[in-house]
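Chain by chain, the residues:
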Amino acid sequence: MSKIMILTDSCCDLPKEVIEELGIRVLPILIHINGQSYREIFDKSTKEIYELMMSTDEIPKHSQVSPQDFIDAYQEIYKEGYSDVITVSLNSKGSGTYNSSLIAKNDFYENNPEAKEKMNIYNLDSTCYSGFYGYPITEAVKKIRKGADAQEIVAYLQDWFNVSVVYAVPYNLKYARKSGRISAAAAFAGELLGLKPIILFEDGETSTVEKIRGEKNILPKLVDCVERNMTPQTPYVILHGRDDSLAKEVEKELCKKTGRKAEMFLNIGAAVASNIGPDVVAVVCRKKNKQ
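Residues numbered from 1 in each chain as written. Predicted model: local features only at pLDDT ≥ 70, side-chain atom pairs only at ≥ 80, totals over all residues. Heavy atoms only, no water.

Caption draft 1: Region of the structure containing helix α3 (residues 67–79). The terminal C-alpha atoms of α3, which comprises 13 residues, lie 18 Å apart, in line with the 18 Å expected from a rise of 1.5 Å per residue. Burial in α3 covers these residues: Phe70, Ile71, Ala73, Tyr74, Ile77 and Tyr78. For α3, the arc enclosing every buried residue in end-on projection is 165°, short of the 170-degree limit, so these residues lie on one face. Buried residues in α3 make contact with β1 (4–9), β2 (25–27), β6 (84–89), α4 (97–111) and β7 (120–125). Where α3 terminates, the next one or two residues include Gly81, which has phi positive at roughly 85°. (Helix = DSSP H or I, 4+ residues; strand = E, 2+ residues; numbered from the N terminus. Expected span 1.5 Å × (residues − 1). Buried < 20%, exposed > 50% of the residue type's maximum accessible area, 1.4 Å probe, protein only. Arc of directions from axis to C-beta. Contact = heavy atoms within 4.5 Å.)

Right, here's the structure in full:
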């Protein structure tokens, strides 16, 4: 009988209580700010990181999960008798964490040759960040508990990653410009005119798909963009920063238009906030016409 573990990194932005309830193994990303380092989720809450960010002009930096962290995790999971490990990592185009998981897999089997016949390791690149892969991970655990095998879980996750996107509106581009990790925001030149971009995260890349004039127009423009592009009658997830009031309004309007509530609300974590800022609203959804 198979025994399946899902291993991921803290950029999935799942709350600690959800991680513990579902038995997901999470490796923390290190956040560096004000001369201190913190393990995302484990050492400081998201709210505490937001407060640190607002108290300084410094842009937080973060470190990828190392190969040794993955090796140690594979060793522990193997000793616990798991037959399959499905490793889901944040976007490989924005972090070396996925590559670390591959290096660790090769090293683990090299030093534990007998494990090749006993424990399968699947390495998946989510191609994105935050609840984009946090949400389907929670669904995958539910499927495992209902008896799905590892191949079914991998297929489900790969399908989600292939067809889903994120539409995000940062209220302020300071963090995105300074971090340089979100190319669409770095290239956006309308901020002085009071414009804000709707940034599309798709297939590991970012692009500006629409420009919004004035904060009062964020809600209708974002909702319209999502409704036009999402596959009807499919689940969606809402992500937000330190203020969730606009996120709640987005769900209210999307519910009116689609007849569905959001499957999940998630705070963006420290790693994501350091690149897009702590003030943002975003929707994860399955995009039309994606195979």
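Caption draft 2: How the structure looks around the packing of aromatic side chains. Throughout the structure, instances matching the rule amount to seven aromatic pairs. A centroid spacing of 5.5 Å and a plane angle of 55° characterise the contact between Phe108 and Tyr109, whose relative ring orientation is tilted. Through a chain of ring-to-ring contacts, three or more aromatic side chains come together here, namely Phe70, Tyr74, Tyr78, Phe108 and Tyr109. In this structure, Lys3 is placed above the aromatic ring of Tyr82, and the distance from its NZ or CZ to the ring centre is 4.5 Å. Above the face of the Tyr156 ring, Lys143 is positioned so that its terminal group lies 4.8 Å from the ring centre. (Phe/Tyr/Trp six-rings, centres within 6.5 Å; stacked < 30°, edge-to-face > 60°. Lys NZ or Arg CZ within 6 Å of the ring centre and 35° of its normal.)

Caption draft 3: How the structure looks around the packing of helix α9 (residues 218–229) against helix α10 (residues 245–258). Their axes nearest at 10 Å, the elements α9 and α10 cross at an angle of 45°. Classified by the angle between their axes, α9 and α10 sit oblique to one another. Judged by the twist between their axes, the crossing of α9 over α10 is right-handed. Of the residues in α10, those touching α9 at Ile218, Leu219, Leu222, Val223, Val226 and Glu227 are Leu246, Glu249, Val250, Glu253, Leu254 and Lys257. Class assignment for the residues of the contact of α9 with α10 results in eight nonpolar, no polar and four charged. (Axes fitted to C-alpha atoms, helices over the stretch in contact; angles between N-to-C directions. Parallel < 35°, antiparallel > 145°, perpendicular 65-115°, else oblique. Left-handed = near helix turned anticlockwise from the far one by under 90°. Nonpolar A, V, L, I, M, F, W, Y, C, P; charged D, E, K, R; others polar.)

Caption draft 4: Structural context of helix α2 (residues 46–54). Every buried residue of α2 is accounted for by Ile49, Tyr50, Leu52 and Met53. Each buried residue of α2 sits inside an arc of 160° when the element is viewed along its axis, so together they form one side.

Caption draft 5: Representation of the sheet that holds β6 within the structure. With respect to topology, four strands assemble into an open sheet ordered β2-β1-β6-β7, the strand pairing being parallel. Of all strands in the sheet, those with a lone pairing partner are β2 and β7, marking the two edges. Here the average twist between neighbouring strands, direction ignored, is 20°. The sheet contact formed by β1 and β6 spans five bridges and is parallel. Counterpart to Thr8 in the pairing with β6 is Val88. (Pairing = 2+ DSSP bridges.)

Caption draft 6: Looking closely at the pattern of salt bridges. Counted under the stated rule, the structure contains 15 salt bridges. For Asp43, the salt bridge identified is with Arg39, shortest N-O distance 3.0 Å. The class for Asp43 is partly exposed, based on a relative accessible area of 37%. Shared partners join several salt bridges into a network, and the residues in it are Glu210, Lys221, Asp224 and Arg228. (Salt bridge = Lys/Arg side-chain N within 4 Å of Asp/Glu carboxyl O.)

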